[in-house]
Amino acid sequence: GGKGGEEKGWGSRAVSMNKLPKPMTLNRQKYRHVDRVEIESHEILDRFLDSWRQTGGMRYGYLYGTYERDSTVPLGITAVVRAIYEPKQDCAADGVNMLDDPDLEKVDKAAELCGMRKVGWIFLDLEVMAEDNSKYVWSRRPDTYFLRSNECVIAARLQNMNLSPCKECDDGVFGSKFVTVVVTGNQQNELDYVAYQVSQQGMDLEKAEGILEWTSKSECCRVAVPSPERYVPAIFYQDVSEFGNKTTHSAEPYFPVDYLVVSVNGPTFPQEENPLFGCAFPIENRITAPQSIAALRQHLNRPENKPFRPTGQLKCLSDFHLIAYLALNHESILPLDDAAKGLKALGSIVAARDAQRASEFMQSDAWLSLVQVVGASSAEGDSGGAAAGGFGEFGAGTGPVRPPTGGGSRPGTAAGAGGG
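Residues numbered from 1 in each chain as written. Predicted model: local features only at pLDDT ≥ 70, side-chain atom pairs only at ≥ 80, totals over all residues. Heavy atoms only, no water.

Colleague: Explain the packing of helix α7 (residues 320–329) against helix α8 (residues 343–352) to me, please; I cannot follow it from the model alone.
Modeller: Relative orientation and spacing of two packed helices are given, respectively, by the angle between their axes and the distance between those axes. Across the interface, α7 lies against α8 with an axial gap of 11 Å and an inter-helix angle of 175 degrees. Between α7 and α8, the angle is such that the two are roughly antiparallel. Contacts between α7 and α8 pair Ile 323, Leu 326 and Ala 327 from the former with Leu 343, Leu 346 and Val 350 from the latter. Taken together, the residues that form the contact of α7 with α8 break down as 6 nonpolar, no polar and no charged. (Axes fitted to C-alpha atoms, helices over the stretch in contact; angles between N-to-C directions. Helix = DSSP H or I, 4+ residues; strand = E, 2+ residues; numbered from the N terminus. Parallel < 35°, antiparallel > 145°, perpendicular 65-115°, else oblique. Contact = heavy atoms within 4.5 Å. Nonpolar A, V, L, I, M, F, W, Y, C, P; charged D, E, K, R; others polar.)

Okay, structure coming up:
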């Protein structure tokens, strides 16, 4: 429904009534495609919040992970989040402007190489209370809204872009497991995380070429106004009166956004955290701690990443922000599709948590070429940096495998930048 133009028959050209879209009655969806959201580590969310703590600007990101069986619910599905990618965006104290991100396709590919896919998105909506800066305003509640109308439209669009495959459907897809996570204040004025999805009806309305519109009224969505060149079917929604009777209302043109929102359990955290990825390399698209060659050198020289420590090489490589950085900036050295020495090999090593293959990978020609590039860059920016043998432990320098016991200096061995 909602299409326009003479070619489709909705405008000046006559059309049979049985081909017109039928009226729709909105009902609160009683099922959901995902039962729970689980985040592998508290540090993943903590680093996501760091930017707001430092700048006061709101932030959003895409959740990458897998869908797993939920043993606590019959036929249940859990979205397990293993990393958050923060695309290019304009941040302000009262919201975020979502920009086109040309890097997103490569980041999706890098995630796929690590056995992951995009499972949702997350955004901040935090307002500190004036009387106590350790408390947060409880703005999302039953008498206001759970998702604003613009957030609901965006979530519906993202769900339509990430549909779930289904063998039983003629078109091969049905619904979406893509989730929306909001970081906001709760009833106790504490920082909290809540998860939602948009209903199947909401997805259908958004897909119908702009029938679903957001408004300045946060708690209401709007149905597009019909025109001579655009047919819009009648939209109704049902409610229960104070006497327990069902009443039907016409969306002319507004209707409550809550009719399109489905609650999802979580996010929760595992009792024993064993995350796939570490959280040492700087996060992309942040001005407080940008990704760079210098940041890569710091990461490689972190003491806990050294190969003479147990699983040191695997820990060095197991960082999704590092893998995404390599995919975006050093694909010429580590090709995405090279299963022997490129990022495809790196992704499979990290996904399998294979320390032996990680050690072999860091002695490969491709990795040593990358380290030489980093070493040359550090030599240009910091005289003596490469000469000190700071990368000798990774097979690229000429210095000793271990630092000298006395007299020697090792520039660049400080801990890498945190989640700025």
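Colleague: Would you mind going over empty space enclosed by the protein with me for this structure?
Modeller: Inspection of every chain in the model, using the stated rule, returns 3 cavities of 30 Å³ or more. Counted as a void, the largest cavity has a volume near 110 Å³. Every residue lining the largest cavity is counted, 15 residues in all, and those nearest its centre are Ile 44, Ala 83, Ile 84, Cys 279 and His 321. Contributions of two or more residues to the lining of the largest cavity are made by α1 (42–55), β4 (76–85) and α7. Counting residues per element, the lining of the largest cavity draws most heavily on α1, at 4 residues. When grouped by side-chain class, the residues that make up the lining of the largest cavity number 8 nonpolar, 2 polar and 5 charged. (1 Å grid on protein atoms, 1.4 Å probe; cavity = no way out; pocket = protein on both sides within 12 Å on 5 of 7 lines; lining within 4 Å. Points joined across faces, edges and corners; volume = space filled by probe spheres on them.)

Colleague: Explanation requested: the sheet that holds strand β16 (residues 254–256) in the structure shown.
Modeller: Sheet strands pair by backbone hydrogen bonding; their relative direction is either parallel or antiparallel. Taken in spatial order, the 3 strands line up as β12-β13-β16 in an open sheet, and their pairing is antiparallel. In this open sheet, the two edge strands, each paired with only one partner strand, are β12 (212–214) and β16. Strand-to-strand twist in this sheet, taken as the mean axis angle between neighbours without regard to direction, amounts to 40 degrees. Pairing of β12 with strand β13 (residues 220–223) involves 3 bridges; the strand directions are antiparallel. Considered in β13, the bridge of Leu 212 is made with Val 223. Contacting β12 and β13, helix α3 (residues 149–161) runs over the sheet at an angle of about 140 degrees to β12. (Pairing = 2+ DSSP bridges.)

Colleague: Hey, could you run me through the pattern of salt bridges in this one?
Modeller: Any two side chains of opposite charge can pair, so long as their charged atoms come close to each other. Per the counting criterion, the structure on display carries 21 salt bridges. Put simply, Asp 101 and Lys 88 hold a salt bridge, and the shortest N to O gap is 3.6 Å. Here Lys 88 lies in the loop between β4 and β5 (89–92) and Asp 101 lies in the loop between β6 (95–98) and α2 (104–113), a separation of 13 residues in the sequence. The exposure class assigned to Lys 88 is partly exposed, which follows from its relative accessible area of 29%. A salt bridge links Lys 106 to Glu 331, with the nearest nitrogen and oxygen atoms 2.7 Å apart. Taken together, the positions of Lys 106 in helix α2 and Glu 331 in the loop between α7 and α8 put the pair 225 residues apart, joining distant regions of the chain. (Salt bridge = Lys/Arg side-chain N within 4 Å of Asp/Glu carboxyl O. Buried < 20%, exposed > 50% of the residue type's maximum accessible area, 1.4 Å probe, protein only.)

Colleague: Any chance you could explain the pairing of strand β17 (residues 261–268) here in plain terms?
Modeller: The side chains of a regular strand alternate between the sheet's two faces. Here strand β2 (residues 36–39) runs beside β17; their pairing, made up of 2 bridges, is parallel. When the bridges of β17 are listed, Glu 38 appears paired with Thr 268. Pairing of strand β11 (residues 191–198) with β17, which is carried by 4 bridges, proceeds in the antiparallel orientation. Bridging across to β17, Ala 195 finds its partner in Val 264.

Colleague: I'm lost on the packing of aromatic side chains in this one. Help?
Modeller: The relation between two aromatic rings is expressed through the spacing of the ring centres and the mutual angle of the planes. This structure, assessed with the given rule, holds 10 aromatic pairs. Judged by centre distance (5.4 Å) and plane angle (50 degrees), the ring pair of Phe 281 and Tyr 325 falls under tilted. Of the two residues, Phe 281 is situated in the loop between β17 and α5 (293–300) and Tyr 325 in helix α7; the sequence distance between them amounts to 44 residues. By way of ring pairs, the aromatic residues Tyr 60, Tyr 62, Trp 121 and Phe 123 are connected into one cluster. The ring of Tyr 62 has Lys 118 lying over it, and the distance from NZ or CZ to the ring centre is 4.6 Å. The ring of Tyr 67 carries the charged tip of Lys 177 above its face, separated from the ring centre by 5.9 Å. (Phe/Tyr/Trp six-rings, centres within 6.5 Å; stacked < 30°, edge-to-face > 60°. Lys NZ or Arg CZ within 6 Å of the ring centre and 35° of its normal.)

Colleague: Looking at this model, I keep getting lost on the nonpolar core. Mind explaining?
Modeller: Side chains of nonpolar character tend, in soluble globular proteins, to be buried together. In this structure, Phe 255, Leu 326 and Trp 367 are the most contacted members of the largest nonpolar core, which totals 70 residues. Top element by residues in this core is α7. It accounts for 6 residues. By size, the runner-up hydrophobic cluster in this structure holds 24 residues, among which are Ile 39, Ile 44, Val 81 and Val 181. (Core = buried A, V, L, I, M, F, W, Y, C linked by side-chain atoms within 4.5 Å.)

Colleague: It is not clear to me how the pairing of β11 should be interpreted in this structure. Could you clarify?
Modeller: Bridging between strand β10 (residues 179–185) and β11 involves 6 bridges; their strand directions are antiparallel. Its bridge partner lying in β11, Thr 184 is registered against Asp 192. Hairpin connection from β10 to β11: 5 residues lie between these consecutive antiparallel strands, with Asn 189 at a positive phi of about 60 degrees.

Colleague: Would you mind going over the environment of Tyr 231 with me for this structure?
Modeller: Checked against the element boundaries, Tyr 231 lands in the loop between β13 and β14 (235–240). The spacing of Tyr 231 and Leu 20 is 211 residues in sequence and 8.3 Å in space, taken between C-alpha atoms.

Colleague: What's the story with the packing of α3 against helix α4 (residues 200–207) in this structure? I'm lost.
Modeller: In contact at an axis separation of 9 Å, α3 and α4 are set at 85 degrees when each is read in the N-to-C sense. As judged from the angle between their axes, α3 and α4 are roughly perpendicular. Between α3 and α4, the contacting residues are Val 153, Ala 156, Arg 157, Gln 159 and Asn 160 on the first element and Gly 202, Met 203, Glu 206 and Lys 207 on the second. The residue makeup of the contact of α3 with α4, split by class, is 3 nonpolar, 3 polar and 3 charged.

Colleague: Hey, could you run me through unusual backbone geometry in this one?
Modeller: If a residue is not glycine, its phi is most likely negative; likewise, a peptide bond is most likely trans. At the junction of Glu 252 and Pro 253, the peptide bond is cis and its omega measures out at -10 degrees in the coordinates. The omega torsion across Gly 266 and Pro 267 is 5 degrees, close enough to zero to call that bond cis. Considering the arrangement of structural elements, one finds Pro 267 in strand β17. A positive phi angle, close to 60 degrees, is found at Leu 75, a residue other than glycine. Leu 75 sits in the exposed class, given a relative accessible area of 85%. The phi dihedral of Asn 285 falls on the positive side, at around 60 degrees, and the residue is not glycine. Relative to the assigned elements, Asn 285 resides in the loop between β17 and α5.

Read these as geometric descriptors, not functional statements.
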